[in-house]
Amino acid sequence: MCGLAGFLRTASTPERDAHQRWLENMGQAIIHRGPDAGSTWLDDSVGMVHRRLSIIDLSDAGTQPMVSASERYVIAYNGEIYNFQELRDDLISQGHSFRTRTDTEVLLALYEIHGPECLQLLNGMFALAIWDRSARKLFLARDRLGKKPLYFYEANGQFAFASELKALTPAPFVKKELRHDAIKDFFAYQYIPDPKTIYKNVHKLAPGHWLTTDGTHTHQEQYWDVSFGSPSSASLDELEDGLYNLIDDAVRLRMVSDVPLGAFLSGGIDSSAVVGLMAGHTNKPVTTCAIGFDSKRFDEVHWAKTVAEQFKTDHHEFTVKDNVAESLGSIAHFFDEPFADPSFIPTYFVSQLARQKVTVALAGDGGDENFAGYSKYYTDQVENRLRGFIPTALRQNLFPGLAQLAGLINTGPTRKAKSLLGTLALEPDEAFFITNSFFRRDVWNDLVTGELKQETRDYDPADITRAHYKNADTDDHLSSILYTDIKTYLPGDILVKVDRMSMANSLETRAPLLDYRVVEYAAQIPAALKIHGKEKKFILKKAFERMLPDDILYRKKMGFSVPLAEWLRGEIRPLADGIFHSNQGGLADLFNMTKVRDLWRLHLNGDNRYTQELWSMIVFELWWRAYSV
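These remarks concern the structure in this document.

Rules and cut-offs
Residues numbered from 1 in each chain as written. Predicted model: local features only at pLDDT ≥ 70, side-chain atom pairs only at ≥ 80, totals over all residues. Heavy atoms only, no water. Pairing = 2+ DSSP bridges. Helix = DSSP H or I, 4+ residues; strand = E, 2+ residues; numbered from the N terminus. Axes fitted to C-alpha atoms, helices over the stretch in contact; angles between N-to-C directions. Contact = heavy atoms within 4.5 Å. Buried < 20%, exposed > 50% of the residue type's maximum accessible area, 1.4 Å probe, protein only. Arc of directions from axis to C-beta. Parallel < 35°, antiparallel > 145°, perpendicular 65-115°, else oblique. Left-handed = near helix turned anticlockwise from the far one by under 90°. Salt bridge = Lys/Arg side-chain N within 4 Å of Asp/Glu carboxyl O. Core = buried A, V, L, I, M, F, W, Y, C linked by side-chain atoms within 4.5 Å. Phe/Tyr/Trp six-rings, centres within 6.5 Å; stacked < 30°, edge-to-face > 60°. Lys NZ or Arg CZ within 6 Å of the ring centre and 35° of its normal.

1. Details of the sheet that holds strand 13 (residues 261–264)
Sheet strands pair via backbone hydrogen bonds, and the direction of the pair is either parallel or antiparallel.
Okay, step 1: The strand order across the open sheet formed by five strands is 15-14-13-16-17, and the pairing between neighbours is parallel. The open sheet has two edge strands, strand 15 (314–320) and strand 17 (508–510), and neither has a second partner. Recorded for the sheet is a direction-independent mean angle of 30° between the axes of neighbouring strands.
Okay, step 2: Sheet analysis places strand 13 next to strand 16 (residues 360–362), joined by three bridges and oriented parallel. In the sheet register, L261 faces strand 16, and the bridge partner there is V360.
Okay, step 3: Together, strand 13, strand 14 (287–293) and strand 16 form the strand contacts of helix 6 (residues 269–279), whose direction differs from that of strand 13 by roughly 155°.

So this is what it looks like as structure tokens:
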């Protein structure tokens, strides 16, 4: 795993010495992504820098930027190509020779032969930049699911790219101008969906896309998408066996490493299945790491310990206690833009723990999005069935008023009634946005003020959800919302969280359940085998009954939850008090702070309705303090 950055040189930019300093500063900004080595490439047209975390071929021969054998192409690359040995053998059989054992050199050879079509051959996670010295064109590409990040800046004839936003800004021409619709997106989703960023003229290259530019003309294309349009007619047994064998092969491929390798283990089905399969591919105990909380409602380490004992792993645990507040600012700093999924905190600590033992860790990410593991999917499925039984006119004309009446009484049942009536009144895509939104519109409209209110009055973040929902090639509602999350929540939240928190600790993470073959296979499994009755992840659980006990497979899912409401009233309270009682700063520019303090007082008095909104405001202010200069 590594980090990369660079820019195109123009006649209006400074001389070589200045550009070399820019590159060195860009590399220094992401040294945590690659502490083992760093190198630069600078010619008349391009500057590139690479930071290396050595995983395969630890020798200096793997140093990047790497030049192709023909000397036409130069590559800076972040990621792992899991099938590179097979691709390398095939190229050797065709007469190609190699100087290293790296996947980087294989990538160069494939691009020289196939151009952008080479991406179809790759099984891996990657973000890459290839400079064509002859055509004077830059090629950027990102893996199918968006496991590895890639940003680019384009404005006023200038172009730069990097693994993280912080590596763009050492180039003086990159301007940090806040993008107001992205701020509204953040508070709605708790992250900023692709391809936007918090800044104008800075974009994320979307997953499954590539880009070419010569600095004047830029062209983007999508090279991969997942299809839900052809559900399989295979039997349940056939689907179970096919799924098990495919995930087993995905795990096997991800165990190739020249450095110590282990796994995250939560005790849930996804990570437990990965650990069990790993144990079958090695004669040594698998190193496993788990995170617990000083709160019984959120602590799952005993389940992780059960799995560790079953597969005789070398198991390690860490409990998140009184180390949250003192670490929050420094941890949040790694995101570069506002990010409010609170599970980034345990993800950071489990990555820190794992890095003390290994350099590579396998994880269970992707199981929920592929196989409908979140409770929201079941709830949304039930609501959509109810929606189908009620005439549209009745839903749209009567239910909003009933929801408003229910909201006048603040009790648990009436709040649920208000939510149900409100979502039943909406169309399926709009209702799913409400399910995914963590900053309610009524709260937003009550708090927002000033320029942000004026500029975003007519902008609706729900447009992002609607567009992806409608783009799914299926009429099945569950499949459409899974597709939507694979395009939004998975790359924008889950994979950002794992990438930044693991890379903050110079740890590479690999996700077998996000092997694109597994994703494509899962998309063809009928929706009724993902949520079967009330059982979520039904097909995945059936596939792993041969390996895992029922108390692991069928226990209630907790996920990577954190005791957020308790933290806000406890150890994070001094930090929050300082933010909410200030009338200066980024938050005060956006919101009516008197009304914010009203919500804060309600929370301190035991009302948890605004926990996520308050948390996202804290995170935004921490980001603003770190990056607003």
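Here the narrative resumes.
2. Side note on the environment of L239
Okay, step 1: Checked against the element boundaries, L239 lands in helix 5 (residues 236–253).
Okay, step 2: L239 sits in the buried class, given a relative accessible area of 4%.
Okay, step 3: Sequence spacing of L239 and K542 is 303 residues, and the spatial spacing of their C-alpha atoms is 9.7 Å.
Okay, step 4: Excluding anything up to four places from it in sequence, L239 contacts S232, A234, Y521, I525, P526, L529 and I539.

3. Considerations on helix 17 (residues 462–471)
Along an α-helix, residues three or four positions apart point the same way, because every turn accommodates 3.6 residues.
Okay, step 1: Residues A462, I464, T465 and Y469 constitute the buried set of helix 17. For helix 17, the arc enclosing every buried residue in end-on projection is 155°, short of the 170-degree limit, so these residues lie on one face.
Okay, step 2: Looking at the packing, one finds that the buried side of helix 17 touches helix 4 (180–189), helix 14 (428–436), helix 15 (441–447) and helix 18 (477–487).

4. Some words on the packing of helix 4 against helix 27 (residues 611–627)
Okay, step 1: Closest axis-to-axis distance for the helix 4/helix 27 pair is 9 Å, and the angle between their directions is 140°. When the interaxial angle is binned, helix 4 and helix 27 end up oblique. Regarding helix 4 and helix 27, the two cross each other, and that crossing is right-handed. Side by side, helix 4 and helix 27 meet where I183, F186 and F187 of the first sit next to S616, M617 and F620 of the second.

5. Looking at the pattern of salt bridges
As a working rule, side chains carrying opposite charge can pair if their charged atoms are close by.
Okay, step 1: Under the defined criterion, the tally for this structure stands at 41 salt bridges.
Okay, step 2: The partner of K166 in a salt bridge is D336, and the shortest N-O contact between them spans 2.6 Å. Note that K166 is positioned in the loop between strand 9 (158–162) and helix 4 and D336 in the loop between helix 8 (325–332) and helix 9 (344–355), a separation of 170 residues in sequence.
Okay, step 3: Note on D336: relative accessible area 2%, which makes it buried.
Okay, step 4: D577 is paired through a salt bridge with R573; the nearest N and O atoms lie 3.2 Å apart. Of the two residues, D577 and R573 are both situated in helix 24 (residues 573–580); the distance of four residues between them amounts to about one turn of the helix.
Okay, step 5: Taking relative accessible area as the criterion, D577 reaches 21% and is therefore assigned partly exposed.
Okay, step 6: A relative accessible area of 35% means that R573 is categorised as partly exposed.

6. Here's the deal with the nonpolar core
Okay, step 1: One finds F187, F344, F580, F591, W615 and M617 to be the most contacted residues of the largest nonpolar core, which totals 144 residues.
Okay, step 2: It is helix 27 that provides the largest number of residues to this core, a total of nine residues.
Okay, step 3: Setting aside anything within four residues of it in sequence, one finds F591 in contact with F187, F439, W444, L447, V448, T449, V596 and M617.
Okay, step 4: One finds V259, A263, V307 and L513 within the second-largest nonpolar core, a separate group that totals 43 residues.

7. Re the sheet that holds strand 7 (residues 137–142)
Okay, step 1: Here six strands make up an open sheet; going across it, the order is 4-5-6-7-11-12 and the pairing antiparallel. Edge positions in the sheet fall to strand 4 (66–67) and strand 12 (218–222), since each has one partner strand and no second.
Okay, step 2: Bridge count for strand 6 (residues 124–132) against strand 7 is six bridges, and the pairing is antiparallel. Bridging from a neighbouring strand, A129 pairs with L140 of strand 7.
Okay, step 3: Helix 3 (residues 103–114) contacts strand 4, strand 5 (73–81), strand 6 and strand 7 of the sheet and is inclined by roughly 125° relative to strand 5.

8. Re the environment of S419
Okay, step 1: Locating S419 in the fold gives a position in helix 13 (residues 412–424).
Okay, step 2: For S419 and Q404, which are 15 residues apart along the polypeptide, the C-alpha to C-alpha distance reads 9.7 Å.

9. Regarding the packing of aromatic side chains
Okay, step 1: Within the structure shown, the criterion is met by 32 aromatic pairs.
Okay, step 2: Taken together, the ring pairs in this structure connect F186, F187, Y199, F439, W444, F591, F620, W623 and Y627 into an aromatic cluster.
Okay, step 3: Cation over ring: R144 sits above Y516, and NZ or CZ is 3.7 Å from the ring centre.
Okay, step 4: When the ring centre of Y244 is taken as reference, the NZ or CZ atom of R546 above it lies at 4.4 Å.

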